[in-house]
Each structure stands twice: as C-alpha cells, then as structure tokens.
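# Structural description and commentary
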Amino acid sequence: MSVPLSFDGKVVLVTGAGGGLGREYALAFAERGALVVVNDLGGDIKGGGKSTSAADKVVEEIKAKGGKAVANYDSVENGEKLIQTALDAFGRIDVVINNAGILRDRSFARTSDMDWDLIHRVHLRGSFQVTRAAWNHMKNQKFGRIIMTSSAAGIYGNFGQANYSAAKLGLLGLANTLAIEGQKYNIHCNTIAPTAGSRLTETVMPPDLVASLKAEYVAPLVLWLCHEQCRENGSLFEVGAGWIGKLRWERTQGGILRHKNQKMTPEAVRDNWDQICDFSNASKPANIQESLQSLVEVLSKVDAGDGAAPNPTSAMASTTSGINPGEAVGQQLPGMTFTYSHMQCILYALGVGMSTKEPDHLKFLYEGHEDFSCLPTFGVIPAQASMMEGGLSTVPGLNLDLTRLLHGEQYLELFKPLPTSGTLTSRATIADVLDKGSGAVILLDVHTYSGEELLCYNQFSLFIVGAGGFGGKRTSDKAKSTADPPKRPPDAVMVDTTTSDQAALYRLSGDWNPLHIDPNFAAMGGFKSPILHGLCSFGFAARHVLKQYADNDVSRFKSIKVRFVKPVLPGQSLLTEMWKEGSRIHFQCKVKETGAVVLAGAYIDLHGAPVDSPSASVEAGGLQSELVFAEIGRRIKDMGAELVKKVNAIFGWEIIKEGKIAAQWTIDLKTGSGALHKGPYSGKADVTFTVSDEDFMEVVLGKLNPQKAFFAGKLKIRGNIMLSQKLETILKDYAKL
Ligand code: NAI
C-alpha cells in the first residue's frame, strides 16, 4: 500500500467549519494529524445570526476521536482574528481553507445592495482578509497551502445567483494571482468548485440527491491539494459525487482582421465571426505571457504586411498552434547594432576569470598594453544582444514559451580578430527548427559585421523544453556538430576557481537573465542558488585552450564549439581537459569539486599548428624539471601497465619557481595503462608534492636526500605520504625519491 498522506504538526484553518463541507474538511485533516482551527460564525444561511455551538460541536467531535482542535467564532471578515487563534493555540499557520459561505439568491432585477454586498463581504472579502492575514507567516516559513471555494454557478452562471456568481468567480481571479505571487515561497493556491448536499443546497436539490452527494466525496481533493507533496498550483477543479475534473481556458485560433495602414472595422469582425469563434485546433494559454505573446506576433505580422491575408486562418493557424518550421525557417530577427569600447572587452575578460595576478592576462585587462586584445569568445556578446531584445518571440511560426528556453550548444567562428572597440551589426536568421520529442531545437545563425566586413558567425542551439512533438525532423545539415575527444587521458589540464561573484560580474557583459543573480528566480527554475552563465564557463575553457596551445595569441583562434551539459555554481572550480589532434584541440570542462562534466563534445580549431606551452617554456629557459617529466612520460608509455599494477596511485606535483607555482603535473599510475599529463589531476590525487624546480632537480639527481628535504620544509607532501616510496620505481635511475 502506498504511504498515507499525513498532516502531522501542520496547522490548518477551515473557515465555516461548523457544518457542511467545512466540517468534513476539519474532521479529515484532524484525523490525519493536523492541528485544526474550526471557524464558524454559527449564523443562518443568509448571513444573519450568530452562535458558538456550530464550531464547538465540531471541535468536540475532533477531540472525541483523539484529534486536536480549537474553535473560533469570528466572521471571516475579521481575518486577522482567525489567524491569531491559530497562532495563539498552535504557534503557526500552514493551511487555509476558505470555505465559509452564505446565499442570498434573487433574480438580478430584485438583487438589493444588501444582497450584493453581504455576499461579497463573506465570500470574496472574507477570503481576502483571512488569506492576507496568513500570507506573511507562510512566506516566512516558505510553506503554505490555500484553497479558494468557487462554484459552478460562478464558472457557468446560474439563474438567480448574480451576486454569488460574481463573488465566486472573483475568488478564482484572486487565486490565479496568489498562485503566481506565492510560487517562489512554496505557497500554493488552488480553487475548487464543489457540489455536495448541505443546508446551502437542500433548497435547490431534491432530498435524495442532497443525501447521496456527500461532503466526504469532496474532502480528499482538498487534503491532497494541501499536502506538502502536492505541486499543483493555480488550478481549478470541479469535484463532487466521487468525481474530480480539472478545468482550463481554451482559445480559438481567431483571425487577424487588421490590415497594415487600414482602419479596423466592425464589418470585418462580422464577416469573420465564424472564424473568430471556431474552436477547432484551439490553443490553451496557460499564463498571461502566452496570452500576450500571440498579440505581439500579430503586431509583427500586421507590421510586416502579412497580417492582411485575405484568409486570415492560415496566418493565425500556424502561430497559435505552436511551431511551424515551414514558416519559421529563414525568418530574420530584427537587426541589432552593438557599440563597445575597451571597457566592454575588459569587463568580459574579468567576467570569464582573467586576473592581474597572471602576468599574461594583462594584455586582456589593460587598454594601455602594447598587445591589448579582445578575447575571441567576446564574439558571442554582440550576437547575443540580438536575441536578448526579445527578437525571438516575434518570429512567425515560433509560438514558444521562452521561459522554457535552455542554451543547448554554441558555435563561434571568427574571420579576423575582434577589434577592441567599434560598432557592429548582427543579423540573425532561423537556420532550422528541429523536433527532439521532449523539446524543440532552434538553430539561430547570427552573422556579425563591422561595416560590410563579416567579423564572426555564431550558431546558437536553443532547446525549448516541452515544445517538441510537432512532427518536424530530428537532425539538420545546418547544425554545427560537437566532436568527442580521443579516448586517452588528456594531454593537458588547466584549473581556475570562479569567484562567488563570477555570475554577478559576467552578467554585466549583457546577459541579464535573473536566473544568474536572483535566488528567488533561481528557485523557480529548480536551482538551489543562482547558476553561472553557460557562456561564462565557455569563456573560461576557451581561454585555457588559448593559453595552453596558442600562447594567448588571439589571431590563432579560428572557431569553437561546445555543448552545455550541467550548470556550474559561482565559486566552483572549472577544470579544462585538453587533447591536441592536429590543429584541433578537443576539450571538456568539469566542475573540479564534483567531477561533473559541464561542457562536453567541445573543440577549438586553431589557425596553424598548436604550440605546446610546456615545451615552449623550457625552450624559453623555463623549468629544468620539464625534462625529467618528459622522461617520466616516456617510461610510463613503455611500462605503464606494469607500473599501474605495482603502484596503483595518482601523484600530483606542484613545481615552484620564484615563489609561485610554475607548473603542475599529474602522474597517473592508477587508471588504464598509466599517463602523465601537465596540469593538476581532475579529482583528488593520492599524494601531492610541492617543491621548487631547483630542489626537485637536486633530489632527482641524488644531491639532496628527500627525507631531509621534507624535514627542512623544502619538499611539502599532502595526502598519503607513504605512497612517496612507490615513486622510486619510476624515478629509479634519477634518484630515490
Ligand atoms: P454550509 O452552509 O453548510 O456551510 C457554510 C458555513 O459557513 C456555515 O456553517 C456558516 O455558519 C459558515 N459561515 C457563513 N458565514 C460566515 C462568516 N461570515 N464567517 C464564518 N463562518 C461563516 O454550506 P456548504 O454547502 O458546506 O458550503 C461551503 C462552501 O462551499 C461555501 O463557500 C459554498 O458557497 C461553497 N459551495 C457549495 C456547494 C455545494 O454544493 N454545497 C456548491 C458550490 C459552492
């Protein structure tokens, strides 16, 4: 049997719980462990009179069954008092069931001010007062469940119930907005339209129907909607007789009746009436954004002159029914101009982690540097601006929920190094739209020009969750594809730690999505805290490759492709593993702390053959230890498998020159047939040695006893110190380290 739903420790207020549906809810909550406030004014059905007996009776019933409850006799119009009772008795408020109600049925013509006002005061204003009094408590505790009680009379209308219908549908409007405002605090608000036999319905229903439509058939829905496991929010349900159904809005495809530069006429409305009201292929807008989006599309269609289609059906049909690749592909977004100076180049370099601590970063951070350069990956910034302005939502044939957009992949190609200032124009075109089943992929090609000269080309691969299944193709020859790295340990590794303000800094380059800064917004997207921009990690990894294999020479950069796999949190370390294959550098990027791959299938193509910075630095009079490591590398190649068996450990090295770490090496004698690579280990090395280049050579050449070096503080060892002895096997002819 599945686990029963418990409300242990939860404090539940049920208004109007002295009888009918409210009583049933109160008993059901109490039976499952809730601490219940039973509110009832104890009046008659028209709102007259007052008595404590109704609430008291239900409290006694609950207590008799071993439950916990207190009574409150105030009118819901004094919402604060009801919540105060909950706080006084139980110290908190978790669930509010707005249920209290009266009836003052009259045909519309005979409805008095009193009939109107009393109904509104109890139903609509009462629910408002009670809920508002509970709201901040729920917000602070980041939990709340609220039920509004509407009615079929409100949804569909009912003769003689104009006052009641209006108030009841007012409650739905109230719930719709509370659902939106409460979502980020885990406050959910749903609405029910119940049908049950009670004193309110006994005057309108035959007695046997009153008897058979039991209130106990409604309570289970209310309990589920109020449970902490239930994610439902902002929904409307009809419930009764043991049946539950959910309702939503439906909208016809409608028709565009306005023509560019022409007046819109009532005759056009008359002549297109059937089409306006035709529910075939109707859409179901779920929120105000979806509702507005189609209007924005209409504006752009009419502006473009094609909203004036003689038969508007075809014009609207494609846009409101989701994705129409035939219409979308080839469409251009509005052109975009981007003006920048050295400021933006420097800001971007800082955003992707460059620092004055590294002397070779200065040429990207100081406009007075003789080689002042703009990082190649800055090329995504002007291109992205064309999307950021909301251009995508204006494309005909793409009726999308852009809040569900994920950046899937990125390709960037430079045709010449980016200038350090200028005015660039970008032209974005929908290159293709793919149907991946679980979502749609939009390939957006953006060409960026300086005057007439093409500077760079970007391809954004955008994944729209849930927008698939429109019957489109799965792949495209227009897509720039990713490439898997070779199946050997990486040739080089580089690590950089992002700061906790990395995303706050990177966003200043133009990606203002609050997901990267606003904790509440991040929570709505399902993240514990704001995440780093994918393109920020992309910038980190690209400059690692540029440093490792192109000596930071921006003219060597040709193109880059990456797939974004997982988010990175500001403050985590990014580790780039690199493989050299001709002029292509394959790479992947991991979060060092977790080992999770965040950028995959990635590569950078360079102009000309890559320069390998380790050997370059030796030639430039760098480290003597490079030669020893080169020899270690050869030995591992020869007898790696044997060494792995014997040693079974990973050794990290930090070689110090002039007080700073000048090189890091990993000797991996644990995986496969062993490997040596430059850079730190992507996980945790079993033992790590820190030693100066000079002392390393002394030890290796047998001139300095390693134990003495250790006790003299010249050789520092972290991790499993005993493993150091095993190194002898590979350094035999050099030393006894
Ligand atoms: P009911 O008359 O048995 O219960 C309503 C309770 O609210 C009564 O105990 C009454 O004393 C209390 N109440 C009235 N004014 C109050 C006030 N100002 N402050 C505090 N308590 C007050 O009626 P029933 O059928 O259980 O209705 C519950 C809710 O469900 C109402 O909001 C009603 O409009 C709604 N509803 C019921 C339907 C049905 O088929 N029973 C159909 C559609 C809606």
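The structure presented is a predicted model; accordingly, all values stated were derived computationally and were not measured.

### With respect to the site of the ligand
Among the 30 residues in the neighbourhood of the ligand, the closest are listed as Leu21, Asp40, Asn99, Tyr164 and Ser198. One of the side-chain N or O atoms of Ser75 is found 3.0 Å from a nitrogen atom in the ligand. At a separation of 2.4 Å, an oxygen atom of the ligand approaches a polar side-chain atom of Ser198. Across the complex, the protein chains shield 95% of the 820 Å² of accessible surface that the ligand would expose by itself. Where the shell around the ligand is concerned, the elements lending two or more residues are helix H1 (20-31), helix H4 (113-141), helix H6 (162-182) and strand E6 (187-195).

### A closer look at the pairing of strand E15 (residues 557-564)
The buried fraction of E15 amounts to six of the eight residues, a majority that puts the element mostly inside the structure. The pairing of E15 with strand E18 (residues 597-606) spans six bridges and is antiparallel. Bridging across to E18, Phe564 finds its partner in Leu599.

### Considerations on the confidence of the model for the protein chain
Predicted confidence across the protein chain gives a mean pLDDT of 88, with 94% of residues reaching 70 or more. The low-confidence segment residues 307-321 (pLDDT under 50) makes 33 contacts with residues lying over four places distant or belonging to another chain. Every residue in residues 614-621 scores below 50 in pLDDT, and together they form nine contacts with partners more than four places removed in sequence or on other chains.

### Focus: the pairing of strand E9 (residues 336-340)
Along E9, the buried face is formed by Met336, Phe338 and Tyr340; none of Thr337 and Thr339, which line the opposite face, is buried. Here E9 pairs with strand E11 (residues 422-435) via five bridges, running antiparallel. When the sheet's bridge partners are listed, Tyr340 is paired in E11 with Gly422.

### Some thoughts on a nonpolar patch on the surface
A cluster of nonpolar residues, Ile288, Leu292 and Leu295, forms a patch on the protein surface that exposes about 300 Å² of accessible area. Within the secondary structure layout, Ile288 lies in helix H11 (residues 288-304). Residue classification places Ile288 among the exposed residues on the basis of a relative accessible area of 56%.

### Digging into the packing of H1 against helix H2 (residues 53-64)
Orientation of H1 relative to H2, taken along the N-to-C sense of each, is 25 degrees, at an axis distance of 10 Å. Judged on the interaxial angle alone, H2 and H1 are roughly parallel. Taken as a pair, H1 and H2 cross one another with a handedness that is right-handed. In this structure, H1 contributes Arg23, Ala26, Leu27 and Ala30 to the contact, and H2 contributes Val58, Glu61 and Ile62. Looking at the contact of H1 with H2 residue by residue, the classes come out as five nonpolar, no polar and two charged.

### Considering helix H14 (residues 342-351)
The complete set of buried residues in H14 reads Cys345, Ile346, Tyr348, Ala349 and Gly351. Within two residues after H14, Gly353 carries a phi angle of roughly 90 degrees, on the positive side.

### Digging into the nonpolar core
Judged by nonpolar contacts, the single largest core of 56 residues is most densely connected at Ile560 and Phe587. Element by element, the count of residues in this core is highest for helix H19 (residues 534-550), at 10 residues. Among residues more than four places away in sequence, those in contact with Phe587 are Ala541, Val545, Ile560, Val562, Thr576, Glu577, Met578, Trp579, Ala602, Tyr603 and Ile604. Phe29, Val58, Leu225 and Val239 belong to the second-largest nonpolar core, a separate cluster that totals 35 residues.

### Comments concerning the environment of Val446
Inspection of the secondary structure assignment puts Val446 in strand E12 (residues 439-450). Distance from Val446 to Gly471, taken between C-alpha atoms, is 26 Å for residues 25 residues apart in sequence. For Val446, the residues in contact, after removing those within four places along its chain, are Ala383, Ser386, Ser426, Arg427, Ala428, Cys456, Tyr457, Asn458 and Phe460.

### Notes on the side chain of Ser426
Position of Ser426 relative to the elements: it lies in strand E11. Overall, Ser426 belongs to the buried group, its relative accessible area being 2%. Within the structure, Ser426 has its side chain in polar contact with the side chain of Thr448 (distance 2.9 Å). When sequence neighbours within four positions are dropped, the list of residues in contact with Ser426 reads Gly335, Met336, Pro382, Ala383, Val446, His447 and Thr448.

### Concerning the pattern of salt bridges
Tallied over the full model, the rule gives 24 salt bridges. Notably, a salt bridge pairs Glu61 with Arg23, separated by 2.8 Å at the nearest N-O pair. Here the residue Glu61 occupies a position in helix H2, and Arg23 occupies one in helix H1, the gap between them amounting to 38 residues. By relative accessible area, Arg23 is classed as partly exposed at 27%.

### Concerning a negative patch on the surface
A contiguous patch of negative charge on the surface is contributed by Glu370, Asp371, Asp551 and Asp553. With respect to the helices and strands, Asp551 occurs in the loop between H19 and E15.

### A short note on the state of the cysteines
Here a disulfide denotes one covalent bond, and it connects the sulfur atoms of two cysteines. As enumerated under the stated definition, the model contains zero disulfides in all. Free cysteine: Cys345, not disulfide-bonded; nearest cysteine sulfur from Cys374 at 3.6 Å. The thiol of Cys589 is unpaired, and the distance to the nearest cysteine sulfur, on Cys536, comes to 10 Å.

### Comments concerning the packing of aromatic side chains
Enumeration according to the criterion identifies 14 aromatic pairs in this entry. Aromatic side chains Phe7 and Phe29 sit 5.0 Å apart centroid to centroid with 85 degrees between the ring planes, which places their arrangement in the edge-to-face category. Of this pair, Phe7 sits in the segment before strand E1 (11-14) while Phe29 sits in helix H1, and the two are 22 residues apart along the sequence. According to the relative accessible area criterion, Phe7 is buried, its value standing at 2%. The buried category is assigned to Phe29, whose relative accessible area is 0%. Taking NZ or CZ as reference, Arg427 lies 4.6 Å from the ring centre of Tyr449, over its face.

What counts as what
- Each residue is numbered by its place in its chain's sequence as written, counting from 1.
- Totals for whole chains, interfaces and linings use all residues, but because this is a predicted model, local features are given only for residues with pLDDT of at least 70 and pairs of side-chain atoms are given and counted only at 80 or more.
- Note: side-chain values were computed over all heavy atoms of the structure, leaving out hydrogens and water.
- Any residue with a non-hydrogen atom lying within 4 Å of a molecule or strand is treated as near it.
- Any pair of nitrogen or oxygen atoms within 3.5 Å is treated as a polar contact; in protein, a donor-acceptor pairing is required on top of that, and neighbouring residues in sequence qualify only through side-chain atoms on both sides.
- Residue exposure ignores everything except the shown protein chains as possible cover, and the areas themselves are Shrake-Rupley values with a 1.4 Å probe.
- A run of DSSP states H or I qualifies as a helix once it reaches four residues; a run of E qualifies as a strand once it reaches two. Both are numbered from the N-terminal end.
- Burial classes: relative accessible area under 20% of the type maximum marks a residue as buried, over 50% as exposed, and values in between as partly exposed (1.4 Å probe, protein chains only).
- In short, DSSP must find at least two bridges between two strands for them to pair.
- Known as pLDDT, the predictor's confidence for each residue is given on a scale from 0 to 100.
- Contact definition: two residues touch when any of their heavy atoms are within 4.5 Å.
- Surface patches are drawn from residues lacking salt bridges whose relative accessible area is over 30%; two like charges belong together within 9 Å, two nonpolar side chains (Val, Leu, Ile, Met, Phe, Trp, Tyr) within 5 Å.
- Here a salt bridge means any side-chain nitrogen of Lys or Arg lying within 4 Å of a carboxyl oxygen belonging to Asp or Glu.
- The axes are straight lines fitted to the C-alpha atoms, using for helices just the contacting stretch, and the angles between their N-to-C directions are given from 0 to 180°.
- We call two directions roughly parallel when the angle between them is under 35 degrees, roughly antiparallel when it is over 145, roughly perpendicular when it lies between 65 and 115, and oblique otherwise.
- Working rule for handedness: look at the near helix, and if it is turned counterclockwise from the far one by less than a right angle, call the crossing left-handed; if clockwise, right-handed.
- Three residue categories are used. Nonpolar comprises Ala, Val, Leu, Ile, Met, Phe, Trp, Tyr, Cys and Pro, charged comprises Asp, Glu, Lys and Arg, and polar comprises the others, including Gly.
- To qualify as a nonpolar core, a set must consist of buried Ala, Val, Leu, Ile, Met, Phe, Trp, Tyr and Cys residues joined through side-chain atoms within 4.5 Å.
- For the charge count, each Lys or Arg is scored as positive and each Asp or Glu as negative, with His and the chain ends excluded.
- A charged residue contributes its charge at one atom only: NZ of Lys, CZ of Arg, CG of Asp or CD of Glu.
- We call a pair of cysteine sulfur atoms a disulfide whenever their separation is within 2.5 Å.
- Each pair of aromatic rings taken from Phe, Tyr and Trp, with Trp reduced to its six-membered ring, is defined by centres within 6.5 Å and is described as stacked if the planes are under 30 degrees apart, edge-to-face if over 60, and tilted in the remaining cases.
- A ring is considered to have a charge above it if a Lys NZ or an Arg CZ atom is located within 6 Å of its centre and within 35 degrees of its normal.

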